[in-house]
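# Structural features, examined
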Amino acid sequence: GDSVTQTEGLVTLTKGLPVMLNCTYQTTYSPFLFWYVQHLNEAPKLLLKSSTDNKRTEHQGFYATLHKSSSSFHLQKSSVQLSDSALYFCALNHAGAKLTFGGGTRLTVRP
Amino acid sequence: GGIITQTPKFLIGQEGQKLTLKCQQNFNHDTMYWYRQDSGKGLRLIYYSITENDLQKGDLSEGYDASREKKSSFSLTVTSAQKNEMAVFLCASSPYWGGYEQYFGPGTRLTVL
């Protein structure tokens, strides 16, 4: 079956530093990949999505590139802000399937 | 745009009690979902409904029932609440099945005493 792995459970950074949150996946189908962000006591919201190999996708300063050769969709930002503190989920879907979520990475940004 | 409404926002029950959570969406989406999120952790799929009158079990369906009353509403019942159970139940919807992002409601926070 499908699976998504996020290796970091918790990432703590100082404001202004770059960040990369890892996401790798396994599927035998052509995938759609998503990043969701969930701020404290709020609903998860879509941050990025992609199904195109080797194309960078950007939104709100975050970016990710789907690499089918390495089955990865890492989330990056060049300079984190205090407001970026949240829980980030990577998720996978393909035609005729349910969304499969990774375990999530909690990002904490310090002043 | 649209919105997903979940009621109640907070639900406190007693052990063994049957509890019902409700979800409404006005996106006119076909597919709806129920997820459970334990504190700060990932989402686990409980039930989903591809279209009105459809019901499918997810990975965590034991101990729960669901009902898709109409296209816009999807209810989840905890059949027998377990003591010390604390989780947030998230409802979501998507336009079609597969390949599309899901839109989430604000959640119902369950506490069982």
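So, here's what we can say about the structure. (Residues numbered from 1 in each chain as written. Chains lettered and ligands numbered in written order. Predicted model: local features only at pLDDT ≥ 70, side-chain atom pairs only at ≥ 80, totals over all residues. Heavy atoms only, no water.)

## Side note on the overall build of chain A
Scanning chain A from terminus to terminus reveals zero helices and 12 strands. Listed by position from the N terminus, the elements making up chain A come as β-β-β-β-β-β-β-β-β-β-β-β. With the C-alpha coordinates of chain A rotated into their principal frame, the extents come out at 45 × 30 × 20 Å. Once local pairs closer than 6 in sequence are excluded, the contacts in chain A between residues at least 24 apart make up 54%. Working note: accessible area of chain A is about 5,300 Å², and carbon and sulfur atoms make up 51% of it. (Helix = DSSP H or I, 4+ residues; strand = E, 2+ residues; numbered from the N terminus. Contact = heavy atoms within 4.5 Å. Areas by Shrake-Rupley, 256 points an atom, 1.4 Å probe, with all protein chains shown as cover.)

## Quick look at the environment of B:Gln14
All names here are of chain B. Looking at where Gln14 falls in the secondary structure, it is placed in the loop between strand 2 (10-13) and strand 3 (19-25). A residue is classified by how much of its surface remains accessible, and Gln14, at 46% relative accessible area, is partly exposed. Note: C-alpha distance between Gln14 and Ser80 (66 residues apart in sequence) is 9.1 Å. Excluding its chain neighbours within four sequence positions, the residues that come into contact with Gln14 are Ala81, Val112 and Leu113. (Buried < 20%, exposed > 50% of the residue type's maximum accessible area, 1.4 Å probe, protein only.)

## Thoughts on the sheet that holds strand 3 of chain B
Residues and elements named next belong to chain B. As summarised here, the arrangement of the four strands in space is 1-3-8-7, forming an open sheet in which the pairing is antiparallel. Two strands close off the open sheet at either side, each with one partner strand: strand 1 (4-7) and strand 7 (64-70). Averaged over all adjacent pairs, the angle separating strand axes in this sheet is 20 degrees, with direction ignored. Inspection of the sheet shows strand 7 paired to strand 8 (residues 73-78) by five bridges, in the antiparallel sense. Counterpart to Asp65 in the pairing with strand 8 is Thr77. (Pairing = 2+ DSSP bridges. Axes fitted to C-alpha atoms, helices over the stretch in contact; angles between N-to-C directions.)

## Description of the state of the cysteines
All names here are of chain A. Within the structure shown, the criterion is met by two disulfides over all chains. Covalent S-S linkage joins Cys23 and Cys90, the inter-sulfur distance amounting to 1.9 Å. Between Cys23 and Cys90 the sulfur-sulfur dihedral comes to about -65 degrees; the bridge is accordingly left-handed. Taken as a pair, Cys23 in the loop between strand 3 (19-21) and strand 4 (24-26) and Cys90 in strand 10 (residues 86-93) lie far apart in primary sequence, 67 residues in all. For the pair formed by Cys23 and Cys90, the shared burial category is buried. (Disulfide = S-S within 2.5 Å.)

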